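Residue-level listing of the chains:
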Amino acid sequence: MLKYLLPVVLFFVLVGFLFVGLYKDPSEVSSPLIGKSTPQFSLPRLEGSRIFTQDEFQGKVSLLNVWATWCYACHQEHPILLDLADRKVAPIYGLNYKDIAAEAKQYLINYGNPYIANAFDENGRVGIEWGVYGAPETFLIDKNGIIRYKHIGPLTNDNVENIILPLIQQLQNEAS
Amino acid sequence: MIPEIGHFALIIALCLALVQTIVPLLGAQTNTSQWMAVAKPAARGQFLFIIIAFICLAYSFVKNDFSVFYVANNSNSALPLQYKISAIWGAHEGSLLLWSLMLSGWTFAVTIFSRSLPNDMVARVLAVMGFVSIGFLLFMLLTSNPFERIFPMPLEGKDLNPLLQDPGLVIHPPMLYMGYVGFSVAFAFAIAALLGGKLDSAWARWSRPWATFAWVFLTIGITLGSWWAYHELGWGGWWFWDPVENASFMPWLVGTALIHSLAVTEKRASFKSWTVLLAILAFSLSLLGTFLVRSGILVSVHAFATDPARGLYILIFLAIVIGGSLLLFALRAPYIKSIGHFDLFSRETALLLNNVLLLVVMFTILFGTLYPLFIDAFDMPSLSVGKPYFDLVFSVLMLPLLLVIGVGPFMRWKKATMKDVFKKLSKIAIVGLVIGIAFPYIVAGKTSILVAIGISLGGWSMAAAIYYLFKNTSRTDSGANILQHLKKIPRATYGMSIAHFGIGIFVVGVTFVSAFEQVKEIPMQVGQKIEMAGYMFELGGVEDIQGPNYSSKQATVNVYKNDRLVAKLLPEKRTYLVQKSPMTEAGIDTGFLRDVYVALGEEIDGNAWGMRLYYKPFIQWIWMGALLMAFGGLLAAFDRRYRLKLKREKQSAVPSSRKQRLAVTS
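Residues numbered from 1 in each chain as written. Chains lettered and ligands numbered in written order. Predicted model: local features only at pLDDT ≥ 70, side-chain atom pairs only at ≥ 80, totals over all residues.

Student: If you had to explain the overall build of chain A to someone new, which residues and values would you point to?
Tutor: The secondary structure content of chain A amounts to five helices and seven strands. In sequence order, the secondary structure elements of chain A are arranged as α-β-β-β-α-β-α-β-α-β-β-α. Taking contacts inside chain A between residues at least 6 apart in sequence as the whole, the part at least 24 apart equals 76%. (Helix = DSSP H or I, 4+ residues; strand = E, 2+ residues; numbered from the N terminus. Contact = placed C-beta atoms within 7 Å.)

Student: Residues and numbers for the overall build of chain B, please.
Tutor: Each helix and strand counted, chain B has 20 helices and 10 strands in total. A separation threshold of at least 6 residues defines the contact pool for chain B, and within that pool the share at least 24 residues apart is 75%.

Student: How would you explain the environment of Ala204(B) if you had to name every residue and give the values?
Tutor: Residue and element names in this part refer to chain B. Mapped onto the elements, Ala204 comes out in helix H9 (residues 201-232). A tally of 28 C-beta atoms within 10 Å means that Ala204 is categorised as buried. A sequence separation of 194 residues divides Ala204 from Leu10, and the C-alpha atoms of the two residues are 34 Å apart. The contact partners of Ala204, leaving out residues within four places of it in the chain, are Leu262, Thr265, Glu266 and Thr275. (Buried ≥ 20, exposed ≤ 12 C-beta atoms within 10 Å, placed from the backbone.)

Student: So, unusual backbone geometry: which residues are in play, and what are the values?
Tutor: All names here are of chain B. The residue Asn31 is not glycine, and still its phi comes out positive at about 60°. One can find Asn31 in the loop between helix H1 (2-30) and helix H2 (33-36). Of note, Asp563 is a non-glycine position whose phi angle comes to about 65°, a positive value. Looking at where Asp563 falls in the secondary structure, it is placed in the loop between strand E4 (550-561) and strand E5 (564-569). You can call Asp563 exposed: it has 6 C-beta atoms within 10 Å.

Student: Which residues make up the sheet that holds strand E6 (residues 137-141) of chain A, and what values go with them?
Tutor: Residue and element names in this part refer to chain A. Reading across the sheet, the five strands line up as E5-E4-E3-E6-E7 and stay open at both edges, with mixed pairing between neighbours. With partners counted over all chains shown, the strands left at the sheet margins are strand E5 (117-121) and strand E7 (147-152), one partner each. Taken over all neighbouring pairs, the strand axes of this sheet differ in orientation by 20° on average, direction set aside. In the sheet, E6 pairs with E7 via five bridges, with the strands oriented antiparallel. Bridge pairing in E7 links Thr138 to His151. (Pairing = 2+ DSSP bridges. Axes fitted to C-alpha atoms, helices over the stretch in contact; angles between N-to-C directions.)

Student: Tell me about the packing of helix H6 (residues 92-112) of chain B against helix H7 (residues 119-143) of chain B, and name the residues and values.
Tutor: Residue and element names in this part refer to chain B. Where H6 meets H7, the closest approach of the two axes is 10 Å, and the angle between their N-to-C directions is 165°. The angle between H6 and H7 falls in the class roughly antiparallel. The handedness of the crossing between H6 and H7 is left-handed. In contact with Glu93, Leu96, Leu97, Trp99, Ser100, Leu103, Ser104, Thr107, Val110 and Thr111 of H6, H7 contributes Val125, Leu126, Met129, Val132, Ser133, Phe136, Leu137, Phe139 and Met140. (Parallel < 35°, antiparallel > 145°, perpendicular 65-115°, else oblique. Left-handed = near helix turned anticlockwise from the far one by under 90°.)

Student: Describe the pairing of strand E9 (residues 594-604) of chain B, listing the residues and the values that go with them.
Tutor: All names here are of chain B. Within E9, eight of the 11 residues are buried, which leaves it mostly tucked inside the rest of the structure. By the bridge criterion, three bridges tie strand E8 (residues 587-589) to E9 in an arrangement that is antiparallel. Residue pairing for E9: Ile588 is matched across the bridge by Tyr597. The loop that links E8 with its antiparallel partner E9 comprises four residues. Pairing between E9 and strand E10 (residues 608-617): nine bridges, direction antiparallel. Looking across to E10, one finds that Leu600 is bridged to Met611. In textbook terms, the turn of a hairpin is the stretch between consecutive antiparallel strands, and for E9 and E10 this stretch comprises three residues, one of which, Asp605, has a positive phi near 55°.

Student: Before we move on, could you go through helix H5 (residues 157-173) of chain A and cite the residues and values that matter?
Tutor: Residue and element names in this part refer to chain A. Between the first and last C-alpha of H5 there are 23 Å, a value that for 17 residues agrees with the 24 Å anticipated at 1.5 Å per step. At Ile164, H5 is bent by approximately 30°, the largest bend along its length, and proline Pro166 sits one to four residues beyond. Turning to H5, its buried residues are Val160, Ile164, Ile168 and Leu171. (Expected span 1.5 Å × (residues − 1). Bend = angle between axes of the 7 residues up to and from the residue.)

Student: Talk me through the nonpolar core; I want residue IDs and the actual numbers.
Tutor: All names here are of chain B. Counting 198 residues, the largest nonpolar core has Ala186 and Phe189 as the members making the most contacts within it. At 18 residues, the largest contribution of residues to this core is made by helix H8 (residues 167-196). Leave out the neighbours within four places in its chain, and Phe189 touches Val125, Trp203, Trp206, Ser207 and Ala279. (Core = buried A, V, L, I, M, F, W, Y, C linked by C-beta atoms within 7 Å.)

Student: So what's going on with helix H3 (residues 39-62) of chain B? Which residues, and what values?
Tutor: The terminal C-alpha atoms of H3(B) lie 35 Å apart, and with 24 residues this matches the ideal 34 Å at 1.5 Å per residue to within 8%. Asn64(B), located one to two residues past H3(B), shows a positive phi value of around 55°.

Student: Explain the pairing of E6(A) residue by residue, including any values.
Tutor: A regular strand carries its side chains on alternate faces of the sheet. Residue and element names in this part refer to chain A. Among the five residues in E6, five count as buried, and that is most of the element. Side chains Glu137, Phe139 and Ile141 of E6 all project onto a buried face; the interleaved residues Thr138 and Leu140 project onto the opposite face, where all are buried too. By the bridge criterion, five bridges tie strand E3 (residues 62-67) to E6 in an arrangement that is antiparallel. Bridge assignment links Asn65 to a residue of E6, and that residue is Thr138.

Student: So what about the packing of H8(B) against helix H10 (residues 243-268) of chain B? Which residues, and what values?
Tutor: To describe two helices that pack against each other, one gives the angle between their axes and the distance between the axes. Residue and element names in this part refer to chain B. Two elements in contact, H8 and H10, have axes separated by 11 Å at closest approach and are oriented at 45°. As far as their axial angle goes, H10 and H8 are oblique. Here H8 runs over H10; the crossing is left-handed. Every residue of H10 that contacts H8 at Leu176, Tyr180, Phe183 and Ala186 is listed here: Ser248, Pro251, Gly255 and Leu258. Of the residues assigned to the contact of H8 with H10, the class counts are six nonpolar, two polar and no charged. (Nonpolar A, V, L, I, M, F, W, Y, C, P; charged D, E, K, R; others polar.)

Student: Can you explain the sheet that holds E9(B)? Please cite residues and give values.
Tutor: All names here are of chain B. Taking strand neighbours across the sheet as the criterion, the four strands line up as E1-E10-E9-E8 in an open arrangement whose pairing is antiparallel. The strands lining the two open edges of the sheet, one partner per strand, are strand E1 (518-525) and E8. The sheet shows a mean angle of 20° between the axes of neighbouring strands, taken without regard to direction. Across eight bridges, E1 lies against E10 in antiparallel orientation. Opposite Lys520, over in E10, you have Leu613 as the bridge partner.

Student: Describe the confidence of the model for chain B, and please don't skip the residues or the numbers.
Tutor: All names here are of chain B. Put simply, chain B has an average pLDDT of 85, and 90% of its residues get 70 or more. Averaged pLDDT values over the elements of chain B bottom out at 49 in helix H20 (residues 640-665) and peak at 96 in H3. Segment residues 380-384 is flagged for pLDDT under 50; beyond a separation of four residues in sequence, or across chains, it makes 15 contacts in the model. Contacts from residues 652-666, a stretch scored under 50 in pLDDT, to residues over four places away or in other chains number three contacts. Both scores are given for the predicted complex: the pTM is 0.82, the ipTM 0.76. (pLDDT = per-residue confidence, 0-100.)

Student: Any chance you could break down the confidence of the model for chain A for me, citing the residues and the numbers?
Tutor: Taken residue by residue, chain A gives an average pLDDT of 83. The fraction at 70 or more is 91%. Predicted confidence in chain A is weakest over helix H4 (residues 125-129) of chain A, with a mean pLDDT of 79, and strongest over E3(A), with 93.

Student: Before we move on, could you go through the environment of Ser226(B) and cite the residues and values that matter?
Tutor: Residue and element names in this part refer to chain B. By the secondary structure assignment, Ser226 is in helix H9. Between the C-alpha atoms of Ser226 and Leu318, which are 92 residues apart in sequence, the distance is 27 Å. Ser226 has contacts with Trp238, Trp239 and Trp623, leaving out every residue within four places of it along the chain.

Spelled out as structure tokens, the structure:
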């Protein structure tokens, strides 16, 4: 009898998750990292030999965008990032995630490069530190290097106008 | 006026669905044949009224009636006619209407082809399908009415999402939905059997062709979707592991397990409760897929309007239908007795292994798809899910499945002798290995261990599928005898062999594309030539062209091989006027052994264009293989024995049902 009950029990567990998930905006999933300092890491840069560390985020409001050439949603998001970079409100850093360096470089040449610099996370280990569960994701980091906001999934114009830009402004007005 | 008729038709359809559910079910429980007899006319009436509603919506689209909110949001007077039709199911409300149309269509088909079934079975099956229909009609009428008016009426419509303006998308959703909804028939048979307490092999025989048909449609639907992504998204990929793609793939995996498990239940009276569970699961995953797509609970490239109220409705409906079915299963399954016993080395074991592997694949995909939800609820330490995760687990789990595909058909039911099977298959294994080692060298001039494994397994399934057809012809048979032998083979056997052959083709395609595809993403100036994979690509020029509802930059790319022009490709970058979104139209030269694929990117510094050049060896084999699987399924579903048995049962149905009735009254 018990083993026959298993499917229905499992199913209602799933329904529980779905119910909880329903009332959360999937792009605003809370991250345990929000309000904490950026995790410590050091990675090679896509652009050259210098090392990319968390120190990069100190002293200014910045964005970190997790992307990969294999990720279709990142392609969708790309024009929006270019647009955001053009406004020069805050530097955008890239975390090139589980990718192939040559392809990633070529991609940026072809489609334009919105990033100030890219950390190259070949095996995704740093992504784990950052709690990344899929590309694209975008982190907003304040002047003290503390993660203040996380967006999951491709940014839309709407997100940029109504969430990202106002938040950047607010963070820039904060004292460091 | 016309939209109101449509709206009203939906309300009548809902009333009929209520009748179709309640009356026959009571009739079957109390054995009142007049009540049971209500099921068929109610189901047919429901179908008629949903057709009326559908035609009304189609009419509003064709006539550009922008006073209908849904039409105003998804059409435009400049939209070509075929896309006005496909716009009917281009967004949430209309696709629900299509869902309901399909469901009532399948129900209608059951009323036609169920003459040989016992009355109480038919009554219960139709009642269960009516219940599902109530859920969807209510959903539409309460939260997502496609006929809702808008005032003041906009002068022009907002146009159909440009991504959906593609010939492939005209038939992709209907096929997919035919598959999704088709599993409702096998589901209804399973629930009816559980309700009636009679789970015999007749039940399996009745549901088998229905399940196979649904599976065929789903296979075609998924194939078209993949084909569409390849052509329209402009990234040369054919599968993205997007949540919406996964939502269609999961019922397919379970459906595949189901059609195999039904074979065991029909022929050996084994796996009974397992098969019932699979029938419930296949349809549950179809519903779950609808929920995932419609609720906006996951981030997807197929962004649809998200609305928690709608999501909650579907979730409650899901809980009632699936939860109720699984509960019924838990109550009844302990009393189901599977009589067939079998040895460890037997066809039953092979099919069980197939089932288990398919379900494991399904659960890993389900887990990967819903991972964002789980992690959110638990604050789990992150492990990353994405295309790399899916690619890895899928290919690892597919390897043993491919081995079993070759072996399974050669094993006897109940008890197979290892010596016998190995004797037959050692030759096939050698053929597979030779193909795997030699073939990549012949076509690509190089290989690797992974390629050799992939092609060997593909070759193995193809060789085994062909050999299976000839296995009973002996060496001394003359040509005529072989022909006679082939004529005698039942269609179902051909179907199986063709489908398994198709998997081999599919695997060869996937292996070659992922190992040997070549990509160049570079800026090109007009007149510049780039060489890749033995082809010379020349950018002839870029010009502005004007479509009916878009403007476009169209590049001319001449492709040469050995200085001979092999293709003139016209990739485009379109900007749709209303929604202002840029769209890529790839230029593709399709071939049996390779595709040459060119996509146009952004203009760079005013004198060059970002171009993506792809060389995709054997990519067409992916879809060819998938279509062969579908074709095999179709042949199997049309096997003569279903019709023969139906006829035989019909002849004997009258006396036996009279006997039953006597037994009840006495």
